[in-house]
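Survey of secondary and tertiary structure
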2 protein chains.
Amino acid sequence: MESILLYDTTLRDGTQGENINFSAHEKIKIAECLDDLGIHYIEGGWPGSNPRDMQFFDLSKNIKLKNARLTAFGSTRKPGVDPGDDFNVKALLESKAPAVTIVGKSWDLHVEQVMNNTLEENLAMIRDTVEFLKHNGLEVLYYAEHFFDGYRENRDYALQTLTAAVDGGADFIVLCDTNGGTLPFELESMIGDARETLHGKDGIPTKEKPIKIGIHTHNDCGLAVANSITAVKAGAVMVQGTINGYGERCGNADLTSIIPILHTKMKYPCISSQNLTKLKKVSRFVSETANLVPRNDRPFVGKSAFAHKGGLHVNAIMKVPRAYEHMNPEDIGNNRRVLVSDLSGKSNVEYKAKELGVELGENGLDSRKIVSEIKRMEQEGFQFDVADGSLKILLEKFTQQFSPLFELESFRVSIEKNKDQPCSSQATIKISVDNREEITAAEGYGPVSALDNALRKALGKFFPDLDTMRLVDFKVRVIDGREGTAAKVRVLIDSRDQDNLWSTIGVSEDIIEASWQALNGLFARSLRYAQNFILGISTICLR
Amino acid sequence: MESILLYDTTLRDGTQGENINFSAHEKIKIAECLDDLGIHYIEGGWPGSNPRDMQFFDLSKNIKLKNARLTAFGSTRKPGVDPGDDFNVKALLESKAPAVTIVGKSWDLHVEQVMNNTLEENLAMIRDTVEFLKHNGLEVLYYAEHFFDGYRENRDYALQTLTAAVDGGADFIVLCDTNGGTLPFELESMIGDARETLHGKDGIPTKEKPIKIGIHTHNDCGLAVANSITAVKAGAVMVQGTINGYGERCGNADLTSIIPILHTKMKYPCISSQNLTKLKKVSRFVSETANLVPRNDRPFVGKSAFAHKGGLHVNAIMKVPRAYEHMNPEDIGNNRRVLVSDLSGKSNVEYKAKELGVELGENGLDSRKIVSEIKRMEQEGFQFDVADGSLKILLEKFTQQFSPLFELESFRVSIEKNKDQPCSSQATIKISVDNREEITAAEGYGPVSALDNALRKALGKFFPDLDTMRLVDFKVRVIDGREGTAAKVRVLIDSRDQDNLWSTIGVSEDIIEASWQALNGLFARSLRYAQNFILGISTICLR
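Here is what the cut-offs are and how they apply
- Residues numbered from 1 in each chain as written.
- Chains lettered and ligands numbered in written order.
- Predicted model: local features only at pLDDT ≥ 70, side-chain atom pairs only at ≥ 80, totals over all residues.
- Heavy atoms only, no water.
- Helix = DSSP H or I, 4+ residues; strand = E, 2+ residues; numbered from the N terminus.
- Buried < 20%, exposed > 50% of the residue type's maximum accessible area, 1.4 Å probe, protein only.
- Contact = heavy atoms within 4.5 Å.
- Pairing = 2+ DSSP bridges.
- Axes fitted to C-alpha atoms, helices over the stretch in contact; angles between N-to-C directions.
- Core = buried A, V, L, I, M, F, W, Y, C linked by side-chain atoms within 4.5 Å.
- Parallel < 35°, antiparallel > 145°, perpendicular 65-115°, else oblique.
- Nonpolar A, V, L, I, M, F, W, Y, C, P; charged D, E, K, R; others polar.
- Arc of directions from axis to C-beta.
- Polar contact = N/O pair within 3.5 Å; in protein donor to acceptor, adjacent residues only side chain to side chain.
- Salt bridge = Lys/Arg side-chain N within 4 Å of Asp/Glu carboxyl O.
- Phe/Tyr/Trp six-rings, centres within 6.5 Å; stacked < 30°, edge-to-face > 60°.
- Lys NZ or Arg CZ within 6 Å of the ring centre and 35° of its normal.
- Right-handed = clockwise from strand over helix to strand, strands pointing away.

With respect to the overall build of chain A
Summing up its helical and strand segments, chain A has 19 helices and 16 strands in all. Split into buried and exposed, the 543 residues of chain A put 63% on the buried side. Taking contacts inside chain A between residues at least 6 apart in sequence as the whole, the part at least 24 apart equals 67%.

So, unusual backbone geometry
Despite not being glycine, Lys267(A) shows a phi value in the positive range, around 65°. Residues other than glycine seldom take positive phi values, yet Asn244(B) does so here, at roughly 65°. Within the secondary structure, Asn244(B) is located in the loop between β8 (238–241) and α10 (255–265).

Some points on the sheet that holds strand β5 (residues 139–145) of chain B
All names here are of chain B. On the basis of which strands lie adjacent, the closed barrel formed by eight strands has the order β1-β2-β3-β4-β5-β6-β7-β8 and parallel pairing. For this sheet, the mean angle separating the axes of adjacent strands, direction not counted, is 25°. When strand β1 (residues 5–8) meets β8, the two strands line up parallel, connected through four bridges. The residue bridging Leu 5 from the neighbouring strand is Met 238, located in β8. Strands β6 (172–177), β7 (212–217) and β8 of the sheet are contacted by helix α9 (residues 224–233), whose axis makes an angle of about 170° with β7.

What about helix α14 (residues 346–356) of chain A?
Taken together, the buried positions of α14(A) are occupied by Ser347(A), Asn348(A), Val349(A), Lys352(A), Ala353(A) and Leu356(A). Where α14(A) terminates, the next one or two residues include Gly357(A), which has phi positive at roughly 75°.

Thoughts on the nonpolar core
Counting 184 residues, the largest nonpolar core has Phe147(A), Leu262(A), Phe147(B) and Leu262(B) as its most contacted members. Sequence-distant contacts of Phe147(B), that is, excluding residues within four places in its chain, are made with Ser106(B), Ala158(B), Leu159(B), Leu162(B), Leu175(B), Cys176(B), Met190(B) and Ala194(B).

Side note on the packing of helix α1 (residues 24–37) of chain B against helix α12 (residues 279–289) of chain B
Residues and elements named next belong to chain B. It is the contact of α1 with α12, at a shortest axis distance of 10 Å, that shows an interaxial angle of 170°. Here α1 is positioned roughly antiparallel relative to α12, judged by the angle of their axes. Of α12, the residues touching α1 (which contributes Glu 26, Lys 29, Ile 30, Cys 33, Leu 34 and Leu 37) are Leu 279, Val 282, Phe 285, Val 286 and Thr 289. Across the contact of α1 with α12, the residue classes break down as eight nonpolar, one polar and two charged.

Digging into helix α2 (residues 51–60) of chain B
All names here are of chain B. Asp 53, Met 54, Phe 56, Phe 57 and Ser 60 are the residues of α2 that are buried. Across the axial projection of α2, the buried residues extend over an arc of 150°, all falling on one side. Taken together, the buried residues of α2 touch α1, β2 (41–45), β3 (69–75) and α3 (87–95). A distance of 3.1 Å separates the backbone nitrogen of Arg 52 from a side-chain oxygen at the start of α2, and that oxygen is part of Asn 50.

Describing the pattern of salt bridges
Residues and elements named next belong to chain A. Tallied over the full model, the rule gives 51 salt bridges over all chains. Here Glu 248 makes a salt bridge to Arg 249, at a shortest N to O gap of 4.0 Å. Among the residues examined, Glu 248 registers a relative accessible area of 4% and is labelled buried. Using a relative accessible area of 5% as the deciding quantity, one classes Arg 249 as buried. One continuous salt-bridge network, built from bridges that share partners, spans Arg 12, Asp 13 and Glu 43.

Observations regarding the packing of aromatic side chains
Summed over the entire model, instances satisfying the criterion amount to 14 aromatic pairs over all chains. Between Phe73(A) and Tyr143(A) the ring centres are 5.1 Å apart and the planes differ by 90°, which places this aromatic pair in the edge-to-face class. With a gap of 70 residues between them, Phe73(A) in strand β3 (residues 69–75) and Tyr143(A) in strand β5 (residues 139–145) connect regions that are remote in the sequence. Three or more aromatic residues link up through ring pairs in this structure, and these residues are Tyr7(A), Tyr41(A) and Phe172(A). Lys233(B) extends its terminal NZ or CZ atom over the ring of Phe185(A), reaching a point 4.6 Å from the ring centre.

As for the sheet that holds strand β13 (residues 436–444) of chain B
Note on sheets: strands pair through backbone hydrogen bonds, and any given pair is parallel or antiparallel. Strand order in the open sheet formed by six strands is β13(A)-β12(A)-β11(A)-β11(B)-β12(B)-β13(B), and the pairing between neighbours is antiparallel. Strands at the two margins of the open sheet, each flanked by one partner only, are β13 (436–444) of chain A together with β13 of chain B. On average, each strand axis in the sheet is tilted by 10° relative to the strand beside it, whichever way the strands run. Bridging between strand β11 (residues 407–418) of chain A and strand β12 (residues 424–433) of chain A involves nine bridges; their strand directions are antiparallel. Within the sheet, the bridge partner assigned to Glu407(A) lies in β12(A) and is Ser432(A).

Quick look at the pairing of strand β2 (residues 41–45) of chain A
Residue and element names in this part refer to chain A. Of all five residues in β2, five are buried; the element is thus mostly enclosed. Viewed along the sheet, the connection from strand β1 (residues 5–8) through helix α1 (residues 24–37) into β2 turns out right-handed. Two elements, β2 and β3, share four bridges in a ladder whose sense is parallel. Note that in β3 the partner of Tyr 41 across the bridge is Arg 69. Note that the unit made of β2, helix α2 (residues 51–60) and β3 has a crossover that is right-handed.

A word on the side chain of Glu438(A)
All names here are of chain A. Its place among the elements puts Glu 438 in strand β13. Only 3.3 Å separates the side chain of Glu 438 from the side chain of Lys 461, close enough to count as a polar contact. Excluding residues that lie within four positions of it along the chain, Glu 438 makes contacts with Ile 429, Lys 430, Ile 431, Ala 458, Lys 461 and Phe 462.

Set out below in structure tokens:
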């Protein structure tokens, strides 16, 4: 079976997405990470379009990639200009990338109505630019923008643009569904036709050197992954996409889905099984660098991708995991998760207790009581499937294994604002540890910050080595209580150390009370998690 | 071309998703909304599994659906039990739903290894249960769980389970890719085989009454939409899915993608063009009810689905929209967005000013200054594309058309907590209106509530007829400032009267300061919006 080449464009097309920006240094880090994953081509940017991308290529001269070739993106020469005199084409040479991807127009609508160009000159632009870059010793990929839209409206012209690139000596022809509107059935037959044209008796390609076809799709119909794998079945040997499917509008084809499908389901050689286990980490690294919350429901790599909530499902996977898992989560570096909620039963609680290291009573009494308590509290607005930390405390309380680190005696927070001056906040707090009391006060950037500072100061007396941890997220939601009762606020706090993510939850009609519950959950649990909150809350959140 | 029936399971399978919970009343509202969209079957829940779903069916007796049939979900009878004596089957009858969907096992692995049942008894369970429900006058859909997995491992048995349901008199056979691991190519041929079996010479179905096939897919490979439309091409006449693709793990097939593909791209009759324009609203209504942030990049209905960032793209769509749009966004109730940038900012601001009824200076000076102020503030963490209310104030301030209703002199809030007692909050506030001052104090369920009560009391002196309005949402987000500066909190307040949604935003290192900015935006705007906040904040939010 032919190997499939993976071409990543996170660094160029990915940054067209709303909210996505990378510095040149961040791009370098991502390129190294993609190389380590085993990606074959990494498109670094469009050197002719902005200084940051040029800086990226400058920086790239100092790094060594193990597997990947770096590619630079650019467009065909301008009408009537010699490729050697074209600013954009020259920038490609200056980038020193060993491979270049040249975008040209395959849709007559763009040539005539957007660019006010002639169809003939457009063909010459494609041919000349490819030829010029080949003469300069580069590997050249021709990127047929809007190929499928163009084919639909003027088949012959769309195919002529491909032939022009072949005439220029292109190594790859990349067929693009730029607007993302093509269905797999259509795409398959159009690729078939393109292959026939390129490999036909009049085309230049010979059996010894067939033109290689690539596919580049967008997700406007939710079909980018399906279109990519359909193209591979139809003969494409290169798939272009981005990590997490980041990209303009609805995004590009998501390599984090395509790679495991090609590798595990379709059995095409593309990356090694060992590299496949890095997939989730790569996905997270890119979302963290982009500063975007990772989608829980992302296929293969999302936090919920192998999460089980229904009681019957949990019961089944405890016997046979593949009963409700289409593949082994560890193969892609992900893991199975069992959620506890009012939809769940005894099996879920017992599974979680084991995972969280809490001993339950032998006869199942504990787990039955816990299920009913969870159901009652979820009716109140708690949601334990998102707060393992609070669930662990609940399990420990039920089984008399819980001992809090400290007791709150009282706190008081005051906030003042005068005219246009910023708010100022002060807190006093009194706590006790093993019956020894401590009272202290602190200021803060806001009420929770002041409270946090005061608590840290008070706890510091008993636990002097509080160190720095990271708070990941702080979410406040208004929730509906049961009918007839008042509405409530739910506060969810996520914190993290190097290895673990830890979430606690608080529900109250009062946001400070709800925050206190979630915070108290962290403290109660262990000093380690307490630190997360203490530092996290003051550096990242609710100042 | 045959009509395709749309079957929504947001209320049952959708709630299996992490973070998704609906009350029975919310379910009723969603059912009415789906009916209005033109969905043909609405699965309300599993009456035998939990009291909330039973309550839903009780409540449903008081509503009238225009188009849709309500269906209840349940499993086949237990082994060795008569259907009439089975608790779960009886609950289906009690639900009074006119149609029922019966899940049975099509994968021998589940029958033998999970349920410890015999293959023969499983077939009898399917046949008997369907037959019993048909005898009770119901429309019966047989839901062949894990059909594709079962087919892959034991084709003959998987097909026998379908035949058992047909023998029992099922109206529909719904083929399920329960684990979401099937590729479109495989699925297509398996459906072909199933149809041949069911319609073959030995099967009961005749030409006059062919068995109708439905498809139910999950998105574990990012292929649920592709699999659904492939099944339709292969002869399925019913598509099951959920709004926004909500569901367990990576979700179910997303009806908000499938509907426009079937309607607009494949031209199957399914819903009217007029109803199609409601699609985005329905998507938003469900995400709001689920209290989940809508995905911007969701195909068709997402906020970014028709957003253009790149300068070249904006230039092109201004000439020919379809140059970078695969369909007309208005057809699904969505709209084109041009993101603020150096290229597009001026025309964008002028467009918004017109929309919000603010006069700008003739010579374009105002709009240029406003663009640069917006860019500066967005760098700080503001986001005006989500807060038209604040944008309007900004535009008015820039053009000297802004006059605030009142001035804040000062406020002070204090919060106290003792041991396990709930928090208590008090606020004092001093404001002035036309140079007349007022100072007062109030208690509240939390600091913002106390502040709100005090402010309401003070304003009441000048504006005695404050009345009741609704606050829709209050969101707190942690945002990252520029590199090297401290992180901030963004507070977004949505309020609504009968006709308008009004959003204001505040950004600060201090949550109370950020809330005050957003709140002040409401007050500053008009008394009408001030009321929203006053009542809203105290009844719904941050108590």
